[in-house]
Amino acid sequence: MKIIGTGSELPSLAVTNEMLSEILDTNNEWISTRTGISQRRIISEESLTELAVSASKKALKNANLEAKDIDFIICSNTVNNYVLPGLSCIVQGELGAHCPCIDLNSACSGFIYALYMAAAYLDMGKVKNILIVCAEEPSKMVDWHARDTSVIFGDGAGATVVTQGKNLKSIHLTTTCAIEPLYYQRELEYNPYTHKQEFKPLVMNGKDVYKMAVNASVQDINTVMKEAHVTQKEISFYLLHQANVRIIETIRDFLGENEDKFPKNIHKYGNTSSASIPILLDEMNMNGQLKDGDILVMSAFGAGFSTGACVMEWSNRMTAAEPPQNNKM
Ligand code: COA
């Protein structure tokens, strides 16, 4: 598998820490020192579907492909206005694509889970080009009266197009059921045969999540690097889930790595859940920061508790002439 196109889209409204301190008992100093976030983008006028479609169109353009060339759409999404149909189906219609679609909800780890699924689909040899779009609006899950969760998250969409190739060097996923540290319950319809449903806006035990995130990410990174037979010296960049700058820094400390290998955009966008890595990847691609042959480690963690990491060699050269192949990961 290889990535041949990236795209991203963010809401127009930038909500600064100062703006939050006007509606919540918080302040810029606390938020920026505890999380590294200065502002986040929040959906106001636009819809999540519009962001997902725009990010997808950009990724297709970057891959030099059209909607008709897409053989599968995988959409990583936690909440949107529709429970059904899946957001992937809505994106397909807006793009004018004609291919099977599936949604996956693996919270903030969704991009790595989508890569894993895409690699397996490509391995079957039935599809050639897969669009992965991660579209998230955690602003619809948090309690905007509670300062502990609302300051951390932001909305956004990141997309990639993947095709057959030999650039995915290793990939590893873990899931360990742990509901209490991070969950969200949505309100469901009245049913005369059951008691009233209780529901809760996003609940997060920040300290537990912090510890689980650091431990899991360090372990996952070591696992995928070992499986890919790469050393730290060979890694160009570590693209970590943009959850909290202190989490990223603690992981970097454990690995004993240089700061410039850990690109960050959390200060601008907050934690955009599964969209954070593809948005970061797209920014780096568009800024010309990625060179053919760069070795990237990507690592994400989130509710579940689910985690995933992979080693990917960067190459955005088109391979339109390459026939489908049953490449092994
Ligand atoms: N503004 C001001 N004060 C706040 C605040 C806010 N937005 N949120 C919490 N506080 C207060 C708390 O009430 C507490 O006050 P107290 O000491 O008087 O009780 C104090 O700040 C410390 O809170 P604490 O929760 O101990 O802070 P922390 O250092 O653990 O940082 C997080 C909190 C949430 C930033 C941190 O735990 C974290 O980032 N965890 C991981 C979260 C994450 O990544 N989630 C997504 C995973 S995908």
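Cut-offs and rules
Residues numbered from 1 in each chain as written. Predicted model: local features only at pLDDT ≥ 70, side-chain atom pairs only at ≥ 80, totals over all residues. Heavy atoms only, no water. Helix = DSSP H or I, 4+ residues; strand = E, 2+ residues; numbered from the N terminus. Buried < 20%, exposed > 50% of the residue type's maximum accessible area, 1.4 Å probe, protein only. Lys, Arg positive; Asp, Glu negative; His and termini not counted. Salt bridge = Lys/Arg side-chain N within 4 Å of Asp/Glu carboxyl O. Polar contact = N/O pair within 3.5 Å; in protein donor to acceptor, adjacent residues only side chain to side chain. Pairing = 2+ DSSP bridges. Axes fitted to C-alpha atoms, helices over the stretch in contact; angles between N-to-C directions. Contact = heavy atoms within 4.5 Å.

Trans is the common state for peptide bonds, and a negative phi is the common state for residues other than glycine. A cis geometry characterises the amide bond from Leu84 onward to Pro85, with omega recorded as 0°. Relative to the elements of secondary structure, Pro85 occurs in the loop between β4 (72–76) and α4 (87–95). In this structure, Phe305 follows Gly304 across a cis peptide bond, with omega equal to 5°. Examined against the element boundaries, Phe305 turns out to sit in strand β13 (residues 304–313). Phi angles above zero are rare outside glycine, and Ser273 is one such case at about 55°.

Checked against the element boundaries, Arg40 lands in strand β3 (residues 39–42). For the buried Arg40, no salt bridge exists, and the shortest N-O distance to an oppositely charged side chain is 7.3 Å, to Glu18. Among the polar contacts listed, one links the side chain of Arg40 to the backbone oxygen of Val151, at a separation of 2.8 Å.

On to the sheet that holds strand β6 (residues 129–136). Here 5 strands make up an open sheet; going across it, the order is β1-β7-β6-β4-β5 and the pairing mixed. Among the strands making up the open sheet, the edge pair consists of β1 (2–9) and β5 (101–104). Strand-to-strand twist in this sheet, taken as the mean axis angle between neighbours without regard to direction, amounts to 15°. As defined by bridge partners, β4 adjoins β6 across 5 bridges and the pair is classed as parallel. Note that in β6 the partner of Phe72 across the bridge is Ile130.

On to the environment of Ser236. Topologically, Ser236 is positioned in the loop between α7 (206–228) and β11 (237–240). Taking the C-alpha atoms as reference points, Ser236 and Gly158, 78 residues apart in sequence, are found 21 Å from one another. Filtering out sequence-adjacent residues up to four positions away, Ser236 remains in contact with Lys261, Asp294 and Ile295. Separated by 3.3 Å, the side chains of Ser236 and Asp294 make a polar contact.

The next point concerns the environment of Thr174. Along the chain, Thr174 turns up in strand β8 (residues 168–178). Thr174 sits 133 residues away from Thr307 along the chain, and the two C-alpha atoms are 5.2 Å apart. Residues contacting Thr174, with those up to four places away along its chain left out, are Tyr113, Asp220, Phe305, Ser306 and Thr307. A distance of 2.5 Å separates polar atoms of two side chains, one belonging to Thr174 and the other to Thr307.

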